[in-house]
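Listed here are the chains, written in short residue letters.
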Amino acid sequence: MSDRIVFNLAPDDIPTAWYNIMPDLPVPPLPPLHPGTGEPVTPDLLAPLFPESLIMQEVSTDRWIDIPGPVIDIYRLWRPSPMYRARRLEQALQTPARIYFKYEGGSPAGSHKPNTAVAQAYYNKEAGIKRLTTETGAGQWGSALSMACQFFGLDCLVFMVRASFDQKPYRRIFMETFGAEVRPSPSSTTESGKKILEGDPNSTGSLGIAISEASEVAAQDPTTNYTLGSVLNHVLLHQTVIGLEAKKQIEMAGEQPDVIIGCVGGGSNYAGFSYPFMADRLAGNLNARFVACEPAACPTLTRGKFAYDFADTGETTPLFPMYTLGHTFIPAPVHAGGLRYHGDAPSLSLLVREGHMEAKAFTQNQIFDAAVQFARAQGIVPAPEPAHAIRQVIDEAVEAREAGQEKVILFNLCGHGHFDMQAYDDYLNGRLPEFELSEDALTDGLAHVPPVPVPG
Ligand SMILES: Cc1ncc(COP(=O)(O)O)c(C=O)c1O
């Protein structure tokens with residue numbers, strides 16, 4: 001074993017095709033349904049929101065999809081991203097486990113989100129679209145899309161979840177620096193926003209509400225399209241550049257992972273990181289565990305129900321087969337704003353349901369405890385979202401120490417926490433409230449899931 005701590009690929013090692021897990025899933029995926037007819041959604045229904053090229057990717061069963069040259073040219077600004085061995089954390093924990101992490105926080109916007117933002121802006125520009133709308137939770141996705149729109153000469157309108165808008169003014173200013181317009185959500189500028197504000201003028205918002213607002217604006221204007229930062233198949237596949245690079249890098253380290261860990265909001269970073277490894281597991285070539293981590297305040301995979309549900313609060317989207325807490329559910333305002341989503345990507349939900357992935361939920365103080373340990377050992381202050389993954393990494397490493405067992409742990413550090421200082425300040429001064437979803441709130445959320453039967 002070498003003493004190396006950085007595993008860098010050469011500039012020309014950027015993947016030239018994205019990996020699509022659809023043909024390799026262990027059971028056929030269920031189709032999204034039209035909420036009115038209950039029939040599978042046809043591509044033409046998505047046309048008011050997305051360009052044809054992205055709709056075709058959404059329904060594609062091709063294993064590989066070529067990455068356009070102009071997208072690769074922009075990826076070159078920060079890709080290939082590095083993989084590190086966290087030797088200092090291993091030492092601090094006195095563990096025999098070997099801990100590796102892929103680092104996506106070095107992208108210009110500070111997370112994995114530009115991997116799909118750049119692709120989505122490119123395809124929309126190609127289709128003659130002038131403006132993109134979107135939602136953002138933590139502000140990372142909005143930042144990535146604002147940057148991508150600027151690169152391709154598109155206008156950008158971002159609905160930022162009210163809780164994050166108030167917690168993170170610098171994220172808003174970051175987006176405005178790239179020329180984006182940022183509105184707090186719920187806003188009084190859309191019908192779906194007004195409806196929520198009528199019921200609760202102090203609503204802290206949710207990703208589900210912001211999606212309704214952003215898609216409503218796009219549906220009303222033929223020159224404006226909508227973009228989603230997670231959940232959909234095409235978004236997940238754009239993120240597979242992370243896992244494809246990580247596979248080469250872990251090979252470079254002469255290792256095979258025993259456990260592959262990531263955080264899950266809608267599922268894009270964990271899918272993008274883990275699916276290239278999952279392909280090996282599904283083919284019988286990798287005997288690794290896969291652990292998806294989420295907040296106890298929004299425990300979709302650990303306590304949600306596998307059901308057909310809307311992707312937004314305003315009930316404007318198709319019904320997706322996924323783990324859900326109910327589309328009306330508004331999570332407590334935890335600082336991991338990017339994980340406050342009631343549902344999860346259908347393919348990731350399927351893999352959990354079929355037993356190929358485990359899921360774990362943690363509270364705010366548990367994850368900030370892990371984040372601070374990581375920062376003090378490795379020098380990187382993580383975003384609250386990947387701090388969920390770090391909690392599981394540390395728990396696995398301590399378990400390995402107690403069992404006197406060697407183990408290779410691999411995780412994705414999908415964003416830095418430089419805009420999350422308020423959260424760190426609250427944690428360090430003992431002001432961080434613990435939120436755990438109550439049984440009553442869970443029952444209430446699930447009561448709003450449409451009564452559509454799920455086969456299987
Ligand atoms: C840094 C970071 N990690 C993770 C997420 C969660 O989203 P996803 O599950 O799509 O990766 C977000 C979402 O905004 C994020 O900003």
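The structure displayed is predicted, hence computed values, not measured ones.

About the criteria used
- Residues numbered from 1 in each chain as written.
- Predicted model: local features only at pLDDT ≥ 70, side-chain atom pairs only at ≥ 80, totals over all residues.
- Heavy atoms only, no water.
- Near = heavy atom within 4 Å.
- Polar contact = N/O pair within 3.5 Å; in protein donor to acceptor, adjacent residues only side chain to side chain.
- Areas by Shrake-Rupley, 256 points an atom, 1.4 Å probe, with all protein chains shown as cover.
- 1 Å grid on protein atoms, 1.4 Å probe; cavity = no way out; pocket = protein on both sides within 12 Å on 5 of 7 lines; lining within 4 Å.
- Sits in = over half its atoms within 2 Å of the grid points.
- Helix = DSSP H or I, 4+ residues; strand = E, 2+ residues; numbered from the N terminus.
- Expected span 1.5 Å × (residues − 1).
- Buried < 20%, exposed > 50% of the residue type's maximum accessible area, 1.4 Å probe, protein only.
- Contact = heavy atoms within 4.5 Å.
- Pairing = 2+ DSSP bridges.
- Right-handed = clockwise from strand over helix to strand, strands pointing away.
- Axes fitted to C-alpha atoms, helices over the stretch in contact; angles between N-to-C directions.
- Phe/Tyr/Trp six-rings, centres within 6.5 Å; stacked < 30°, edge-to-face > 60°.
- Lys NZ or Arg CZ within 6 Å of the ring centre and 35° of its normal.

Asker: So, the site of the ligand: which residues are in play, and what are the values?
Answerer: Around the ligand sit 15 residues, and of these Ser 230, Gly 265, Gly 267, Ser 268 and Asn 269 come closest. A distance of 3.0 Å separates an oxygen atom of the ligand from a polar atom in the backbone of Gly 266. Coverage of the ligand by the protein amounts to 97% of the 390 Å² it exposes when considered alone. Placement of the ligand is best described as lying within the largest cavity.

Asker: Just give me the short version of helix α16 (residues 364-378), but keep the residues and values in it.
Answerer: A rise of 1.5 Å per residue sets the reference length of α16, with its 15 residues, at 21 Å; its end C-alpha atoms lie 21 Å apart and thus fit the reference within 8%. For α16, the set of buried residues is Gln 364, Ile 367, Phe 368, Ala 370, Ala 371, Val 372, Phe 374, Ala 375 and Ala 377. Turning to α16, the residues buried within the fold contact α4 (87-93), β5 (98-103), β14 (358-362), α17 (384-403), β15 (408-413) and α18 (421-428). One or two positions beyond α16, positive phi appears at Gly 379, with a value near 85°.

Asker: Any details on the pairing of strand β11 (residues 289-295)? Residues and values, ideally.
Answerer: Taken across its 7 residues, β11 has 6 buried, putting it largely inside the fold. The pairing of strand β10 (residues 259-263) with β11 spans 5 bridges and is classified as parallel. In the strand pairing of β11, Val 259 is matched with Arg 289. The β-α-β motif built from β10, the intervening helix α13 (residues 268-282) and the parallel element β11 has right-handed crossover chirality. Relative to β14, β11 is paired through 5 bridges, and the arrangement is parallel.

Asker: Could you give an account of the sheet that holds β10, with specific residues and numbers?
Answerer: In sheet architecture, strand pairing relies on hydrogen bonds along the backbone and comes in two forms, parallel and antiparallel. Sheet architecture is open: 7 strands sit in the order β1-β4-β5-β15-β10-β11-β14, paired in mixed fashion. For this open sheet the edge positions go to β1 (6-7) and β14, each flanked by a neighbour on one side alone. Pairing geometry for strand β4 (residues 83-85) and β5, over 3 bridges, is antiparallel. Residue pairing for β5: Arg 85 is matched across the bridge by Tyr 100. Strands β5, β10, β11 and β15 of the sheet are contacted by α13, whose axis makes an angle of about 155° with β10. Its contacts with the sheet put α16 on β5, β14 and β15, and the angle it makes with β14 is roughly 95°.

Asker: Provide a residue-level description of the sheet that holds strand β6 (residues 131-136), including the pertinent values.
Answerer: What the 4 strands build is an open sheet, ordered β8-β7-β6-β9; its pairing is parallel. Of all strands in the sheet, those bounded by a partner on one side alone are β8 (181-185) and β9 (224-226). Along the sheet, successive strands turn relative to each other by an average axial angle of 25°, direction set aside. By the bridge criterion, 3 bridges tie β6 to β9 in an arrangement that is parallel. Note on β9: the bridge partner recorded for Arg 131 is Thr 224. On the sheet, helix α10 (residues 207-219) packs against β6, β7 (155-161), β8 and β9 and is oriented at approximately 170° with respect to β6.

Asker: Describe the packing of aromatic side chains, and please don't skip the residues or the numbers.
Answerer: Overall, the coordinates contain 17 aromatic pairs when judged by the stated rule. A ring pair is formed by Tyr 75 and Trp 78, whose centres lie 6.0 Å apart and whose planes are at 70°; its orientation type is edge-to-face. Classification of Tyr 75 by relative accessible area gives buried; the value is 0%. Plain terms: the ring middles of Phe 368 and Tyr 427 are 5.9 Å apart, the flat faces sit at 25° to each other, and that makes the pair stacked. Taken together, the positions of Phe 368 in helix α16 and Tyr 427 in helix α18 put the pair 59 residues apart, joining distant regions of the chain. An aromatic cluster is built from Tyr 84, Phe 101, Tyr 103, Phe 374 and Phe 411, whose rings are joined through pairwise contacts. One residue, Arg 171, lies across the ring of Phe 174, its end atom 5.3 Å from the ring centre. For the cation-ring pair, Arg 353 lies above Phe 306, with the distance from its terminal atom to the ring centre recorded as 4.2 Å.

In short, shape yes, function no, at least from these values alone.
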